[in-house]
Amino acid sequence: MVRRFGLTETPVTALEAVALHETWGVLWLVAIIGGRVGWDAVDIPRRALGYFFVAGLLNASSLFLFFAALDRGNVAIVSSLVGTAPLFVAVFTALLLGDLERVTRGLAAGALLVVVGATLITFA
């Protein structure tokens, strides 16, 4: 809801909203890392950089699309549609991470229930 207020009460675009959102998030993480564990405790392996670069691009893209949807649509509907994410996570986990993680019947049923609930809220 705070994001929706930011989009409706100020003249920012969806792209500017994402930039502000992520910038504040990074500054907060820097403060936490610097204050709690210290920069000496951070040792990121080079091999991890590529994975998290791609993950960051995908996350930033999803945030942009989320803010664009909030800018154009009803917050209840947009949030309900975002609530369908567990179903997509379960499907892609089964397809892409089959060797690493198992999608059980219970997990699939739970993801499906979330989607049904989101659908009911959307059409209510």
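Participant: Looking at this model, I keep getting lost on the packing of helix α3 (residues 46-72) against helix α4 (residues 75-82). Mind explaining?
Facilitator: Each pair of packed helices gets described by two things: the angle between the helix axes and the distance between those axes. One can describe the packing of α3 onto α4 by two numbers: an axis separation of 8 Å at closest approach and a directional angle of 150°. Considered as vectors, α3 and α4 are oriented roughly antiparallel to each other. Here α3 runs over α4; the crossing is right-handed. Between α3, through F66, A69 and L70, and α4, the contact on the second element is made entirely by V75, V78 and V82. Here the residues of the contact of α3 with α4 sort into 6 nonpolar, no polar and no charged.

Participant: Got a minute to help me understand the side chain of T84 in this structure?
Facilitator: Checked against the element boundaries, T84 lands in the loop between α4 and α5 (85-96). Not counting residues within four places of it along the chain, the set of residues in contact with T84 comprises V115 and A118.

Participant: Please clarify how the environment of V18 should be interpreted in this entry.
Facilitator: For V18, the location among the structural elements is in helix α2 (residues 14-37). Taking the relative accessible area as the measure of exposure, V18 reaches 7% and is therefore buried. Spatially, the C-alpha atoms of V18 and F67 are 7.0 Å apart, while their sequence positions differ by 49 residues. Discounting chain neighbours no more than four positions away, the residues touching V18 are A60, L63, F64 and F67.

Participant: Even after reading the chapter, I still don't get the packing of α2 against α3, so can you show me in this structure?
Facilitator: At their nearest, the axes of α2 and α3 sit 8 Å apart, and the two run at 130° to each other. In terms of orientation, α2 lies oblique with respect to α3. The hand of the α2/α3 crossing is right-handed. Along its contact with α2, which presents A14, L15, A17, V18, H21 and E22, the element α3 presents N59, A60, L63, F64, F67 and A68. Tallied by class, residues from the contact of α2 with α3 come to 9 nonpolar, 2 polar and 1 charged.

Definitions and limits used
Residues numbered from 1 in each chain as written. Predicted model: local features only at pLDDT ≥ 70, side-chain atom pairs only at ≥ 80, totals over all residues. Heavy atoms only, no water. Axes fitted to C-alpha atoms, helices over the stretch in contact; angles between N-to-C directions. Helix = DSSP H or I, 4+ residues; strand = E, 2+ residues; numbered from the N terminus. Parallel < 35°, antiparallel > 145°, perpendicular 65-115°, else oblique. Left-handed = near helix turned anticlockwise from the far one by under 90°. Contact = heavy atoms within 4.5 Å. Nonpolar A, V, L, I, M, F, W, Y, C, P; charged D, E, K, R; others polar. Buried < 20%, exposed > 50% of the residue type's maximum accessible area, 1.4 Å probe, protein only.

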